[in-house]
Amino acid sequence: MLNAVAAFLLLTLLIALIRIWRGPEPADRMLASQLFGTTGVALLLVLSYAQSMPALMDVALTLAVLSVLAIVAFVTRVVRIEQPVDDDGGRHD
């Protein structure tokens, strides 16, 4: 059963790679890379349990933290929050 779950997760990773490659928008690519990170964590956890390798859980935790950092970097780079501008052109702080 765990092998079937691992195969399904690998198929999901392949679909995410195709979406990262084809795009079309940067947001689509970023969401696909988040799917890649989440699925990668799930795959590592399944393999850790199936092969009795607790070290893979540490790798999964590291990948989860890196995925969070990647989405924060994307949001701060692409999404700009406009500050309100008053009538004389100055910004409110």
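Residues numbered from 1 in each chain as written. Predicted model: local features only at pLDDT ≥ 70, side-chain atom pairs only at ≥ 80, totals over all residues. Heavy atoms only, no water.

> Describe in detail the overall build of the protein, supporting the description with residues and values.
In terms of helices and strands, the protein carries three helices and zero strands. Counting all 93 residues of the protein, 23% fall into the buried class. A fraction of 40% describes how many contacts in the protein between residues 6 or more apart in sequence connect residues 24 or more apart. (Helix = DSSP H or I, 4+ residues; strand = E, 2+ residues; numbered from the N terminus. Buried < 20%, exposed > 50% of the residue type's maximum accessible area, 1.4 Å probe, protein only. Contact = heavy atoms within 4.5 Å.)

> Before we move on, could you go through the nonpolar core and cite the residues and values that matter?
Ala6, Leu9, Leu13, Leu43 and Val46 together form the largest nonpolar core, which totals five residues. When residues of this core are traced back to their parent elements, those giving at least two are α1 (2–22) and α2 (26–51). Among the elements that line this core, the one with the most residues is α1, at three residues. The contact partners of Ala6, leaving out residues within four places of it in the chain, are Leu43, Val46 and Leu47. (Core = buried A, V, L, I, M, F, W, Y, C linked by side-chain atoms within 4.5 Å.)

> Break down the packing of α1 against α2 for me, citing the residues and quoting the values.
Contact geometry of α1 with α2 gives a least axis separation of 9 Å together with a crossing angle of 160°. Considered as vectors, α1 and α2 are oriented roughly antiparallel to each other. Read as a crossing pair, α1 and α2 show a hand that is left-handed. Residues of the contact of α1 with α2, tallied by class, amount to 19 nonpolar, four polar and four charged. (Axes fitted to C-alpha atoms, helices over the stretch in contact; angles between N-to-C directions. Parallel < 35°, antiparallel > 145°, perpendicular 65-115°, else oblique. Left-handed = near helix turned anticlockwise from the far one by under 90°. Nonpolar A, V, L, I, M, F, W, Y, C, P; charged D, E, K, R; others polar.)

Function cannot be read off these values alone, since they describe shape.
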